[in-house]
Amino acid sequence: MRDVEDLFTRLARSPFRQRFRLGRTEFDYASGKDEAVLRQHAAGFVAQRLAPAEPENDGRQTPMRGHPVFIAQHATATCCRGCLSKWHHIDQHQPLSAEQQAYVVAVLLQWIHQQLQKPAPPARVRRTKPEQDDDPQLALW
């Protein structure tokens, strides 16, 4: 495990990790929950998806959207055991200790907290189907 400040400095140099940001839905969800709820969700995801020595679908177990913790996992390289090994020096093929799980949760919450300090992202514009006109000739123009 590494110092969290050093970790965020190294993550800031990674173009891939810097691409991740909370979307409006995840931003609203995270800002509407208190830290205890987000901590509980993060701890549950880490325990279920990362803590086992050989997680199911390792390398593909973390969705890219749908919850602020999922996005934070990709942004902080805590999405799979390979990334944990490379970025955090947490050995693969052995269960995560309670201390390691607490470290991962702390990293996730710090990233989410940093995202919530930024302005809210714009709402996603949903495209609607254009209404069909009664006159088929207008479709030619």
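For the structure, see preceding data.
On a predicted model such as this, the values are computed, not experimentally measured, just so you know.

Trainee: Before we move on, can you summarise helix 7 (residues 98-116) with the specific residues and values?
Mentor: Side chains that are three or four residues apart share a direction in an α-helix, a result of its 3.6 residues per turn. For helix 7, with 19 residues, the first-to-last C-alpha span of 27 Å sits near the 27 Å given by 1.5 Å per residue. Of the positions making up helix 7, those classed as buried are Gln100, Tyr103, Val104, Val105, Val107, Leu108, Leu109, Trp111, Ile112 and Gln115. Packing partners of the buried residues in helix 7 comprise helix 1 (4-12), helix 3 (24-32), helix 4 (35-49), helix 5 (68-75) and helix 6 (81-88).

Trainee: Hey, could you go over helix 5 for me, with residue numbers and the actual values?
Mentor: Of all eight residues making up helix 5, eight are buried, and the element is well covered by its neighbours. Buried within helix 5 we find Pro68, Val69, Phe70, Ile71, Ala72, Gln73, His74 and Ala75. Packing partners of the buried residues in helix 5 comprise helix 1, helix 2 (15-18), helix 3, helix 4 and helix 7. Of the residues flanking the end of helix 5, it is Ala77, one or two places downstream, whose phi is positive at about 60 degrees.

Trainee: Pulling in residues and values, what's your account of the environment of Leu50?
Mentor: For Leu50, the location among the structural elements is in the loop between helix 4 and helix 5. Residue classification places Leu50 among the buried residues on the basis of a relative accessible area of 0%. For Leu50, the contacting residues outside a window of four places in its chain are Phe45, Pro55, Gln61, Gln73, Thr78, Cys79, Cys80, Arg81, Leu84, Leu96 and Val104.

Trainee: Describe in detail the packing of aromatic side chains, supporting the description with residues and values.
Mentor: Note on aromatic pairs: each is described by the distance of the centres and the angle between the planes. All told, the structure shown has two aromatic pairs when counted by the stated rule. Between Phe16 and Phe20, the ring centres sit 5.2 Å apart and the planes meet at 85 degrees, which makes this aromatic pair edge-to-face. According to the relative accessible area criterion, Phe20 is buried, its value standing at 11%. Aromatic side chains Phe45 and Phe70 sit 4.7 Å apart centroid to centroid with 40 degrees between the ring planes, which places their arrangement in the tilted category. Here Phe70 lies in helix 5 and Phe45 lies in helix 4, a separation of 25 residues in the sequence. Like Phe70, Phe45 is buried.

Thresholds applied
Residues numbered from 1 in each chain as written. Predicted model: local features only at pLDDT ≥ 70, side-chain atom pairs only at ≥ 80, totals over all residues. Heavy atoms only, no water. Helix = DSSP H or I, 4+ residues; strand = E, 2+ residues; numbered from the N terminus. Expected span 1.5 Å × (residues − 1). Buried < 20%, exposed > 50% of the residue type's maximum accessible area, 1.4 Å probe, protein only. Contact = heavy atoms within 4.5 Å. Phe/Tyr/Trp six-rings, centres within 6.5 Å; stacked < 30°, edge-to-face > 60°.

Everything listed is a geometric property; what it means functionally is a separate question.
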